[in-house]
Amino acid sequence: MSATYRGIAVSPGIAIAAARVVPPDGSPAAPARGSLAFDGAAELAGFRAALEKAKLELAELRDRTAAELGALKAEIFAAHLSILKDPELASEVERGILEDHLSAAEAARAATDVFALLLAESGDPTFAARADDLRDLGRRLVRLLDGGADPLVLERRSVVVARELSPSDTARLDRALTAGFVVAGGSAVSHSSILARSLGIPAVAGAPDAVDAIRDGALVVVDGSSGLVTVDPDPAELELWRGKAAAWRARAELLEAFAGRPTRTGDGTKLALAANIAGTADLSDALARGAEGVGLFRTEFLYMGRADLPSEDEQYAVYRHVLERMGKRRVIVRTLDSGGDKEVPCLGMPREENPFLGVRAIRLCLERVDVFRVQLRALLRASAHGSLGIMFPMIATVEELRAAKALLAEERAALAASGAPLADTVETGVMIEIPAAALRAEVLARECDFFSIGSNDLTQYTMAADRMNPALARLSRPCHPAVLALIAMTADAAGRRGIPVGVCGEMAADPVCAAALAGLGVTELSMGSASIPLVREALSRVDLPTAARLARAALEAETEPEARRILEGAFQ
Amino acid sequence: MKTRSIVIANPTGFHARPAREFVDAATERFPDTAVTVVKGDKRIDGKSMIRMLALSARYRDTVELTVEGGDEDGAIKVLGDFFETIHAE
């Protein structure tokens, strides 16, 4: 009879194959303490030989992974190699053998466990995750000492079922024969999950019940998109899963092709899909998904969770790094957008009754000019290293824009006088997220180089509905004709002045909204990187003149569902 | 003996890769130099990858690097600069 278990979906896709159950690593042999047969010198020699062999294995694994998957994926094995060379590890194992009279395998396991615990207790999740690396090395040493066969050598296409899969386990598996993973421990960010995603192998983690239930050779279905594991499916279920698997593969192949293509609508009009990033860690993913720029670089992370303000040099280093990584592609940096739900304690601002309507973003920057000038100087200095646009958030009036630009011009003049290298032009833009700005977009367009519509806040302020309040979810709809009308006004004003207009809210990642926005004249859509191939594929099926006609029709709709229905027509 | 006080510049902290490169450089390029890293009340051997990871030096943390013996000038410069560099993801 079939049974279904739920775990964490860590690598999407559907695998259907026989299970290969990897037995838990050999349980420790009875302690050799006091045993007459114990030979410390032999154990020591055994350990040293195993250590050298492990180093060779890891160097080979590192080089093979680098050749197949790139240096970034090989880094994990380079790190393992460095851990293995750590003199403290060797001396702890040797101490275990000589003082505690443990066998080499026991001493290796004990030492790696001790250090794994040390890392797990470091209190920082990034470093605590390295504890798995230590345990992984411990198993490698034990395997070499026991001279055991590799349980991960597959003879046929299999779903690999294990208590835990270490990074070197996943790398050692024959990719062509590995259909999927089911793991009892782990999470979406553990190494094996990350590696599974990069190898495109469906995987479910955090499924101890499934791992206990699955017998070697049983037929298993792994749905790495939903986290479901089905064991021994009946014929009807199997048929259903086969259909789903085929559909998923077709979709994945289609989307993969779109990551590397320019964005074009069905009629051939070029658009740009950019990434929203909130730190340097998001860059690799943005580039891998084919981002044509950064449409929104949130800079709050530099200011949050610390007691002092970030210095000019510190900010410069971060901005420069991002600009250099993106090369010729444009990076729009949003100046400090504190307030609302983003508290920045180091600014020491008083509490407000209504933080979303308070002294936030540009309002705060114009009050704390000292803080603002530091950020502007860092941005100007970084401008020499790429294609930079500076965007001011929460602009309600043209006076605010003028004041911000005046400060920028002053800092530019001062830096130029000091001989600092600067880009010839640094474009300035307004984030349109307050209805007043959309209504007066015509005036703002005369004095800036681009608009970017922050659809989340624009919706919230237009509908006067807190977007964090689930009870008001029915009002937080960017397709409401009132919001669409403000977007249309903004796009029209930009069109008349010949400046580009982008959208950088959640809306941009919704295919139906993306088509509507393109129809209204938006030329850049910025979103979380994961959505880029999806939206790019959707837009390729959209005829722009049709989308334009439908978007104008949606403006006349009476209700949000009606507007949405009209807009969905772009995909028929 | 030379000492240098440094603020971690990498926005994602001194994570596995920079730590590995630091330890490898300390071990391979400065074999005759003792390398010590201090963060708060933790004092560790800069040639131990495990201790380096357990130090969990984060963005904006201040660390103190001490080198003794061998090529002290080279070590303080090369190893100190590791902390002050932003490492690509």
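## With respect to the overall build of chain B
Across its full length, chain B holds three helices and four strands. Beginning at the N terminus, the succession of helices and strands in chain B can be written as β-α-β-β-α-β-α. Relative to its full complement of 89 residues, chain B shows a buried share of 57%. Within chain B, contacts between residues separated by at least 24 positions form 73% of all contacts whose residues are at least 6 apart in sequence. Summing over all exposed atoms, chain B offers an accessible surface of approximately 3600 Å²; the carbon and sulfur share of this is 46%.

## Notes on the packing of aromatic side chains
All names here are of chain A. Applying the stated rule across the entire model yields five aromatic pairs over all chains. Taken together, a centroid distance of 6.3 Å and an interplanar angle of 25 degrees make the contact between Phe297 and Phe301 stacked. In this structure Phe301 comes out as partly exposed when scored by relative accessible area, which is 23%. Ring plane angle 70 degrees and centroid distance 6.1 Å describe the contact between Phe372 and Phe392, whose orientation is recorded as edge-to-face. Of this pair, Phe372 sits in helix H14 (residues 369-382) while Phe392 sits in strand S13 (residues 387-392), and the two are 20 residues apart along the sequence.

## Looking at the interface of chain A and chain B
Between chain A and chain B, the contact holds 32 residues from the first and 25 residues from the second. Across the interface of chain A and chain B, roughly 2600 Å² is buried in total on both sides, 62% from carbon and sulfur atoms. Put simply, the parts of the chain that give the side of chain A that touches chain B at least two residues each are helix H2 (71-84), helix H3 (87-100), helix H4 (104-120), helix H5 (125-128) and helix H12 (312-326) of chain A. Here the element with the most residues in the side of chain A that touches chain B is H2(A); it accounts for six residues. Of the residues belonging to the side of chain A that touches chain B, the class tally is 16 nonpolar, six polar and 10 charged.

## Some remarks on the packing of H2(A) against helix H6 (residues 131-146) of chain A
In helix packing, the relevant descriptors are the interaxial angle and the interaxial distance, both defined with respect to the helix axes. Residues and elements named next belong to chain A. It is at 10 Å that the axes of H2 and H6 come closest, and there the two elements cross at 70 degrees. Judged on the interaxial angle alone, H6 and H2 are roughly perpendicular. The residues of H6 that touch H2, namely those facing Ile76, His80, Ile83 and Leu84, are Asp133, Leu134, Asp136, Leu137 and Leu141. Classifying every residue of the contact of H2 with H6 by side-chain character gives six nonpolar, one polar and two charged.

## What to know about the packing of helix H10 (residues 235-259) of chain A against helix H21 (residues 532-539) of chain A
All names here are of chain A. The interhelical angle for the contact between H10 and H21, taken along N-to-C directions, is 95 degrees, at an axis separation of 8 Å. With respect to each other, H10 and H21 are oriented roughly perpendicular. Within the contact between the two elements, H10 uses Arg251, Leu254, Leu255, Phe258 and Ala259 and H21 uses Pro533, Leu534, Arg536 and Glu537. When the residues that make up the contact of H10 with H21 are grouped by side-chain class, the tally is six nonpolar, no polar and three charged.

## Side note on the nonpolar core
Residues and elements named next belong to chain A. By size, the foremost hydrophobic cluster in this structure holds 103 residues, and its most contacted members are Phe392, Leu444, Phe451 and Leu525. It is helix H19 (residues 481-497) that provides the largest number of residues to this core, a total of eight residues. When sequence neighbours within four positions are dropped, the list of residues in contact with Phe392 reads Thr335, Ile362, Phe372, Leu376, Leu401, Ala404, Lys405, Thr428, Gly429, Val430 and Met431.

## Considering H4(A)
Here H4(A) spans 24 Å end to end across 17 residues, near enough to the 24 Å set by a 1.5 Å rise per residue. Along H4(A), the residues classified as buried are A:Ala104, A:Ala105, A:Glu106, A:Ala107, A:Ala108, A:Arg109, A:Ala111, A:Thr112, A:Phe115, A:Ala116 and A:Leu119.

## Some details on H6(A)
A rise of 1.5 Å per residue sets the reference length of H6(A), with its 16 residues, at 22 Å; its end C-alpha atoms lie 23 Å apart and thus fit the reference within 8%. Among the residues of H6(A), A:Ala131, A:Asp133, A:Leu134, A:Asp136, A:Leu137, A:Gly138, A:Arg140, A:Leu141, A:Val142, A:Arg143 and A:Leu144 are the ones counted as buried.

## Considering the confidence of the model for chain A
Mean pLDDT for chain A: 89, with 94% of residues reaching 70 or above. A low-confidence stretch, residues 26-34 of chain A stays under pLDDT 50, and its non-local contacts, those more than four residues away or across chains, total nine contacts.

## A closer look at the pattern of salt bridges
All names here are of chain A. Under the defined criterion, the tally for this structure stands at 45 salt bridges over all chains. Notably, a salt bridge pairs Arg381 with Asp313, separated by 3.0 Å at the nearest N-O pair. One end of the pair, Arg381, is in helix H14; the other, Asp313, is in helix H12, and 68 residues separate them in sequence. Arg477 is paired through a salt bridge with Glu560; the nearest N and O atoms lie 3.4 Å apart.

## Overview of the environment of A:Val503
Residues and elements named next belong to chain A. Looking at the element boundaries, Val503 is found in strand S16 (residues 501-503). For the pair Val503 and Glu524, spaced 21 residues apart in the sequence, the C-alpha separation amounts to 6.5 Å. Setting aside anything within four residues of it in sequence, one finds Val503 in contact with Ser452, Ile453, Ser455, Ala508, Leu517, Val522, Glu524, Leu525 and Ser526.

## Details of the environment of B:Ala26
Residue and element names in this part refer to chain B. Mapped onto the secondary structure, Ala26 falls in helix H1 (residues 16-29). Taking the C-alpha atoms as reference points, Ala26 and Ala75, separated by 49 residues in sequence, lie 7.5 Å from one another. Excluding residues within four positions of it along the chain, Ala26 makes contact with Pro31, Val35, Gly46, Lys47 and Leu79.

Quick notes on the rules
Residues numbered from 1 in each chain as written. Chains lettered and ligands numbered in written order. Predicted model: local features only at pLDDT ≥ 70, side-chain atom pairs only at ≥ 80, totals over all residues. Heavy atoms only, no water. Helix = DSSP H or I, 4+ residues; strand = E, 2+ residues; numbered from the N terminus. Buried < 20%, exposed > 50% of the residue type's maximum accessible area, 1.4 Å probe, protein only. Contact = heavy atoms within 4.5 Å. Areas by Shrake-Rupley, 256 points an atom, 1.4 Å probe, with all protein chains shown as cover. Phe/Tyr/Trp six-rings, centres within 6.5 Å; stacked < 30°, edge-to-face > 60°. Buried area = accessible area lost by both parts, 1.4 Å probe. Nonpolar A, V, L, I, M, F, W, Y, C, P; charged D, E, K, R; others polar. Axes fitted to C-alpha atoms, helices over the stretch in contact; angles between N-to-C directions. Parallel < 35°, antiparallel > 145°, perpendicular 65-115°, else oblique. Core = buried A, V, L, I, M, F, W, Y, C linked by side-chain atoms within 4.5 Å. Expected span 1.5 Å × (residues − 1). pLDDT = per-residue confidence, 0-100. Salt bridge = Lys/Arg side-chain N within 4 Å of Asp/Glu carboxyl O.

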